[in-house]
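Close look at the chain arrangement
Listed below are the residues making up each chain.
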Amino acid sequence: MKTQKRLEPLIDSGLVDEVIGSLKSGKEAAVYVVRCGGEICCAKVYKEADQRSFKQSVLYQEGRKVRNSRRARAMEKGSSYGRKEQESAWQNAEVTALYRLADAGVRVPKPYNFIDGVLLMELVADADGHPAPRLNDLEMPAELAREYHAFLIGQIVRMLCDGLVHGDLSEYNVLVGADGPVIIDLPQAVDAAGNNNARAMLERDVANMAAYFGQFAPELLKTNFGKEMWKLYQSGDLHPETNLTGHFEDNAKPADLRSVIREIDAAREENEAKQRFLQTP
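Residues numbered from 1 in each chain as written. Predicted model: local features only at pLDDT ≥ 70, side-chain atom pairs only at ≥ 80, totals over all residues. Heavy atoms only, no water.

Now for the overall build of the protein. A count of helices and strands for the protein gives eight helices and nine strands. When each of the 281 residues of the protein is scored for burial, the buried share is 40%. Taking as baseline every contact in the protein between residues at least 6 positions apart, the subset at least 24 positions apart corresponds to 60%. As displayed, the protein offers around 16100 Å² of accessible surface, 50% of which is attributable to carbon and sulfur atoms. (Helix = DSSP H or I, 4+ residues; strand = E, 2+ residues; numbered from the N terminus. Buried < 20%, exposed > 50% of the residue type's maximum accessible area, 1.4 Å probe, protein only. Contact = heavy atoms within 4.5 Å. Areas by Shrake-Rupley, 256 points an atom, 1.4 Å probe, with all protein chains shown as cover.)

Pasting the structure below:
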């Protein structure tokens, strides 16, 4: 096959010995199967911003810290240098997340190297050594659906305990390797404490898992793990081994608007009385 231009520097430098074939092309990157020495790996080649179909990056970048003040100012202004740096930060976010989550015990592909917009990482394989299928490509009995759903909920909890939310989790970015599900595609991972959209993204990730596995085990459609784990996270009671129930009751009572209005009126009348007293000669 014709060598992808972005892979040529890695071949020239000896990091990649052979491009075996194209694995997939997604909304943010193209992935190739490559040989590095005696090991078969993946090379994820990120697309330029104007070629990506993932258009809501601003929502995901909220809360990400840029240490270099010059870079931060340029990114805010949207200069050509700033756009370049913003693109670099977007790509580096996945590398950082992969290392963090692997250390936290989350099953993600192992990263090997990241050079000039190309990420070399583990090739997730099935029991026969072939590239693992996506979750979306599988049919499964109810028992296996429950097993995989429980495992992935546990992975989402581990991610949240480490301060990250995937932000775009679905059956399309979970591979099923020889050892079970593996979460992929993390450049949009958000900071749980620093991003105002983190809760909504977490609940959407969890809802996506319930909707997919609910096709095979319908009782999963009635679960509400997202709200449950977020409440525990906010209170500091969420841990990697926390046993969730999948049930959530919102005990917040609606505000008594009449009482609130009465208190506002009383405060206003009290203030007006004070003003009249102060103005009395």
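Moving on from the coordinates now.
Take the sheet that holds strand β5 (residues 118-122) next. Spatial ordering of the open sheet is given by β1-β2-β3-β5-β4, a layout of five strands whose pairing is antiparallel. Each edge of the open sheet is held by one strand with a lone partner, namely β1 (18-25) and β4 (111-115). Along the sheet, successive strands turn relative to each other by an average axial angle of 25 degrees, direction set aside. The sheet contact formed by β1 and strand β2 (residues 29-36) spans six bridges and is antiparallel. Within β2, the residue paired with V19 across the bridge is V34. (Pairing = 2+ DSSP bridges. Axes fitted to C-alpha atoms, helices over the stretch in contact; angles between N-to-C directions.)

Following both chains from N to C, one finds helix α5 (residues 142-161) and helix α6 (residues 198-213) inclined at 170 degrees, their axes separated by 10 Å at the closest point. Overall, the two elements α5 and α6 adopt an arrangement that is roughly antiparallel. Contacts between α5 and α6 pair A145, Y148, H149, L152, I153, I156 and L160 from the former with L202, V206, M209, A210 and F213 from the latter. In terms of residue class, the contact of α5 with α6 is made up of eleven nonpolar, one polar and no charged. (Parallel < 35°, antiparallel > 145°, perpendicular 65-115°, else oblique. Nonpolar A, V, L, I, M, F, W, Y, C, P; charged D, E, K, R; others polar.)

Looking now at the pairing of β2. Within β2, seven of the eight residues are buried, leaving the element largely enclosed by the surrounding structure. Here β1 folds back onto β2, and the loop between the two strands holds three residues. Where β2 meets strand β3 (residues 39-46), eight bridges bridge the pair, whose relative direction is antiparallel. Each bridged residue has a counterpart across the sheet, and for C36 the counterpart in β3 is E39.

Next up on the list: the confidence of the model for the protein. Averaged over every residue, the pLDDT of the protein is 84; the share at 70 or more is 74%. Scored below 50 in pLDDT, residues 52-56 makes twelve contacts in the model with residues more than four places away or belonging to other chains. (pLDDT = per-residue confidence, 0-100.)

One simple way to see leftover space: roll a probe sized like a water molecule over the atoms. In the structure shown here, the tally under the stated rule is one cavity of 30 Å³ or more. Within this model, the largest cavity holds a volume of roughly 30 Å³. Those elements that place two or more of their residues in the lining of the largest cavity are α5, β6 (164-165) and α6. The class makeup of the residues in the lining of the largest cavity is six nonpolar, one polar and one charged. (1 Å grid on protein atoms, 1.4 Å probe; cavity = no way out; pocket = protein on both sides within 12 Å on 5 of 7 lines; lining within 4 Å. Points joined across faces, edges and corners; volume = space filled by probe spheres on them.)

Looking now at the side chain of E122. Here E122 lies in strand β5. Exposure remark for E122: the relative accessible area of 19% places this residue in the buried category. A distance of 3.2 Å separates a polar atom in the side chain of E122 from a polar atom in the side chain of R107. (Polar contact = N/O pair within 3.5 Å; in protein donor to acceptor, adjacent residues only side chain to side chain.)

On to the environment of E39. Looking at where E39 falls in the secondary structure, it is placed in strand β3. When the C-alpha positions of E39 and E122 are compared, they lie 9.2 Å apart, and in sequence the two are 83 residues distant. Every residue in contact with E39, bar those within four places of it in the chain, is listed here: V34 and Y112. Polar contacts involving the side chain of E39 include one to the side chain of Y112, which spans 2.9 Å.

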